[in-house]
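# Observations on the three-dimensional arrangement
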Amino acid sequence: MQTFQLNLPPFMFQVETNIPLVARNANIIYGDAYSDEIDLLVYVDYYLSATYSGGIRRFYKPQARFLCDEREPFQPLTANQAYAMLEWGMNWTVAAHELQYAIVHSAVLAKDDKAILFPAPPGSGKSTLTAHLSQNGWRLLSDEMALIIPGTNQVIPFVRPICLKNSSIALAKHCFPESVFSTLAADTGKGDVIHMAPPKAAFEQNRTPAAIVGIVYPNYKADRKLDIYQLTMTESFMQLVDNSFNFTAIGKSSFDTLTSLIEKTKHFEIFYNDLNEVDLFLTEDIINVT
Amino acid sequence: MNKFIGEKTKLECKEGMLMHPFLDNSGLVFFNTLSTVVTSISVSEAVFKQWLDYPQRLSKEDLSKLRTLIDQGFLVESQALE
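Parameters and conventions
Residues numbered from 1 in each chain as written. Chains lettered and ligands numbered in written order. Predicted model: local features only at pLDDT ≥ 70, side-chain atom pairs only at ≥ 80, totals over all residues. Heavy atoms only, no water. Helix = DSSP H or I, 4+ residues; strand = E, 2+ residues; numbered from the N terminus. Buried < 20%, exposed > 50% of the residue type's maximum accessible area, 1.4 Å probe, protein only. Areas by Shrake-Rupley, 256 points an atom, 1.4 Å probe, with all protein chains shown as cover. Lys, Arg positive; Asp, Glu negative; His and termini not counted. Charge placed at Lys NZ, Arg CZ, Asp CG, Glu CD. Polar contact = N/O pair within 3.5 Å; in protein donor to acceptor, adjacent residues only side chain to side chain. Contact = heavy atoms within 4.5 Å. pLDDT = per-residue confidence, 0-100. 1 Å grid on protein atoms, 1.4 Å probe; cavity = no way out; pocket = protein on both sides within 12 Å on 5 of 7 lines; lining within 4 Å. Points joined across faces, edges and corners; volume = space filled by probe spheres on them. Nonpolar A, V, L, I, M, F, W, Y, C, P; charged D, E, K, R; others polar. Domains from an automatic or database assignment. Buried area = accessible area lost by both parts, 1.4 Å probe. Salt bridge = Lys/Arg side-chain N within 4 Å of Asp/Glu carboxyl O. Pairing = 2+ DSSP bridges. Axes fitted to C-alpha atoms, helices over the stretch in contact; angles between N-to-C directions. Expected span 1.5 Å × (residues − 1). Parallel < 35°, antiparallel > 145°, perpendicular 65-115°, else oblique. Left-handed = near helix turned anticlockwise from the far one by under 90°.

On to the overall build of chain A, then. Across its full length, chain A holds 10 helices and 17 strands. Taken over the C-alpha atoms alone, chain A extends approximately 60 × 40 × 30 Å along its principal axes. The buried share among the 290 residues of chain A stands at 55%. Surface exposure of chain A reaches about 12500 Å², of which carbon and sulfur atoms provide 50%. One way to put it: in chain A the 22 positive side-chain charges average out to a point 4 Å from where the 31 negative ones average out.

The structure is reproduced here in structure tokens:
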């Protein structure tokens, strides 16, 4: 059994695994944030495990289980999906337990410490857009969740790899050959999945919050040039709540935070097939204007 | 006249419900912290106040929107003099 720690501000995870690809992938993806020298003095927020299921099945069709503090939120997956399961498990762990932030399912990228949220359901092209921007002058704060400090428009980085699926995988490997990628998790519920390591600069600034200045709801459409729709505050609020992980759990604080945030930011829904056009729009019409 | 709305009935936001009118006048949002229902209505705050004071004057469609807010526990009758 191997044990390693992941120092991913604002959280510290400790992971136990007997599946070699889990530790190997975590090591290459997280770099300096990964340590297999366990620091007994450090405060660990979450104890996780990704291990083989027991029983005879292990020998002919091995499966992996994810546990968070002895809770098992998912059904076991095939063992070759164990690293992806760990990443999803970390997402679940934070979304299910952290109540000191208003948490929105959203990518977060920043320029000059001005952040834009990209809340979107699966299939919207969010992660491909995130990968592109993070390699082209934008600071990656998260591919998966925005941790908003209640009562402010400040978002805390939670730097993690970018989860790419299906046709995005080849595209990312072609466009960003210097980047580090995990092994492929084939045939998951989301299709084929791979994780792309965040740029070093993102880790270097992983304790620096950014001020949210825009919220953009992306929709990738292969046959559509850039179409931009300005949303009303009411429309944007309702979409943001739909993408919130803990809105109802936090209650009034979350309501006040999101309504206030909506009034301090710009809101757009975009349809696009050209990532460079999106980059230009974001920079000129949201970052530079604010 | 809707049979549930008397001639002199007025409505008000129920105590404990959270309501926020947005600065761009695009609408109001509501949050019931007990049932955790979140909803919105796309009228300005000024128009919404008129709706609460004179629900009798509303079209069937607008009255239906208010009825939904009542059913969701956001609004209550503040005056029923029938």
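Right, let's get into the side chain of Thr257 of chain A. Residues and elements named next belong to chain A. Here Thr257 lies in helix α9 (residues 252-264). Reaching out from Thr257, the side chain makes a polar contact with the backbone nitrogen of Gly151 at a distance of 3.0 Å. Those residues in contact with Thr257, other than ones at most four positions away along the chain, are Ala102, Ile148, Ile149, Pro150, Gly151 and Thr152.

A low pLDDT score tells you not to read the predicted coordinates there in detail. In the predicted model, chain B carries a mean pLDDT of 87, and 89% of its residues have values of at least 70. The complex prediction reports pTM at 0.92, with the ipTM value standing at 0.88.

Turning to empty space enclosed by the protein, a few remarks are in order. Residues and elements named next belong to chain A. All chains considered together, the criterion is met by one cavity of 30 Å³ or more. By volume, the largest cavity is sized at about 40 Å³. Around the largest cavity, the lining residues are Leu21, Asn25, Asn80, Tyr83, Ala84, Ser182, Thr183, Leu184, Ala185, Val193 and His195. Counting only elements with at least two residues in the lining of the largest cavity, the list comes to α1 (20-30), α3 (82-97) and β14 (191-196). Here the residues of the lining of the largest cavity sort into six nonpolar, five polar and no charged.

Before going further, it helps to examine the domain arrangement of chain A. Residue and element names in this part refer to chain A. As far as domains go, chain A holds domain 1 (2-97) and domain 2 (102-160 + 198-287). Facing the 13 residues of domain 1 at the interface are 14 residues of domain 2. Of all residues in domain 1, the largest losses of buried area upon contact with domain 2 belong to Pro9, Asn91 and Ala95, amounting jointly to 45% of the total for that side. There are one salt bridge connecting domain 1 and domain 2. Between Arg160 and Glu87 there is a salt bridge, with its nearest N and O atoms 2.6 Å apart.

A few words on the sheet that holds strand β1 (residues 2-8) of chain A. In a beta sheet, neighbouring strands are held together by backbone hydrogen bonds and run either parallel or antiparallel to one another. All names here are of chain A. Spatial strand order, β3-β1-β2-β4-β5-β6: six strands in an open sheet with mixed pairing. Each edge of the open sheet carries a strand with a single partner, namely β3 (34-35) and β6 (77-78). Lying on the sheet, α1 is in contact with β1, β2 (11-17), β3 and β4 (46-52); it crosses β1 at an angle near 30°. Each of β1, β2, β4, β5 (63-68) and β6 touches α3; the most contacted strand, β5, lies at about 20° to it.

Let us look at α9 of chain A. Every α-helix winds through 3.6 residues per turn, so residues three or four apart in the chain are directed the same way. A rise of 1.5 Å per residue sets the reference length of α9 of chain A, with its 13 residues, at 18 Å; its end C-alpha atoms lie 18 Å apart and thus fit the reference within 8%. Ser254, Phe255, Thr257, Leu258, Thr259, Leu261 and Ile262 of chain A are the residues of α9 of chain A that are buried.

Let's shift gears to the packing of helix α4 (residues 126-134) of chain A against helix α10 (residues 275-287) of chain A. In helix packing, the relevant descriptors are the interaxial angle and the interaxial distance, both defined with respect to the helix axes. Residues and elements named next belong to chain A. Contact pair α4 / α10: the axes reach a minimum separation of 10 Å and the direction vectors enclose 70°. Classed by the angle they form, the pair α4 and α10 counts as roughly perpendicular. Remark: the crossing between α4 and α10 carries right-handed chirality. Of the residues in α10, those touching α4 at Thr128, Leu129, His132 and Leu133 are Leu275, Asn276, Val278, Asp279 and Leu282. When its residues are assigned to classes, the contact of α4 with α10 shows five nonpolar, three polar and one charged.

All names here are of chain A. Two numbers describe how α1 lies on α3: the axes approach to 8 Å, and their chain directions differ by 65°. α1 and α3 meet at a crossing whose hand is right-handed. For the pair α1 and α3, contact is made by Leu21, Val22, Asn25, Ala26, Ile29 and Tyr30 and by Ala82, Tyr83, Leu86, Glu87 and Met90, respectively. Grouping the amino acids of the contact of α1 with α3 by side-chain chemistry returns nine nonpolar, one polar and one charged.

Let's shift gears to the interface of chain A and chain B. Note: interface size is frequently given as the accessible area lost on complex formation between the parts. Each partner contributes to the interface: chain A provides 14 residues, whereas chain B provides 18 residues. Summing both partners gives a buried area of about 1300 Å² for chain A against chain B, and 79% of it is carried by carbon and sulfur. For the chain A face of the interface with chain B, the top three residues by lost area are Thr234, Phe255 and Glu263 of chain A, together amounting to 41%. In this structure, the connection of chain A to chain B is made through zero salt bridges. If you list the elements that add at least two residues to the side of chain A that touches chain B, you get α7 (233-242), α8 (247-250) and α9 of chain A. Its residues assigned to classes, the side of chain A that touches chain B comprises seven nonpolar, five polar and two charged.

This part is about the pairing of β14 of chain A. Residues and elements named next belong to chain A. Buried residues dominate β14, accounting for five of its six residues. Where strand β12 (residues 162-165) lies against β14, four bridges are found, and the strand directions are antiparallel. Bridging across to β14, Cys163 finds its partner in His195. Bridge count for strand β13 (residues 185-188) against β14 is two bridges, and the pairing is antiparallel. The residue of β14 that forms the bridge with Ala185 is Val193. Here β13 hands over to β14 after two residues, the two strands then running antiparallel side by side.

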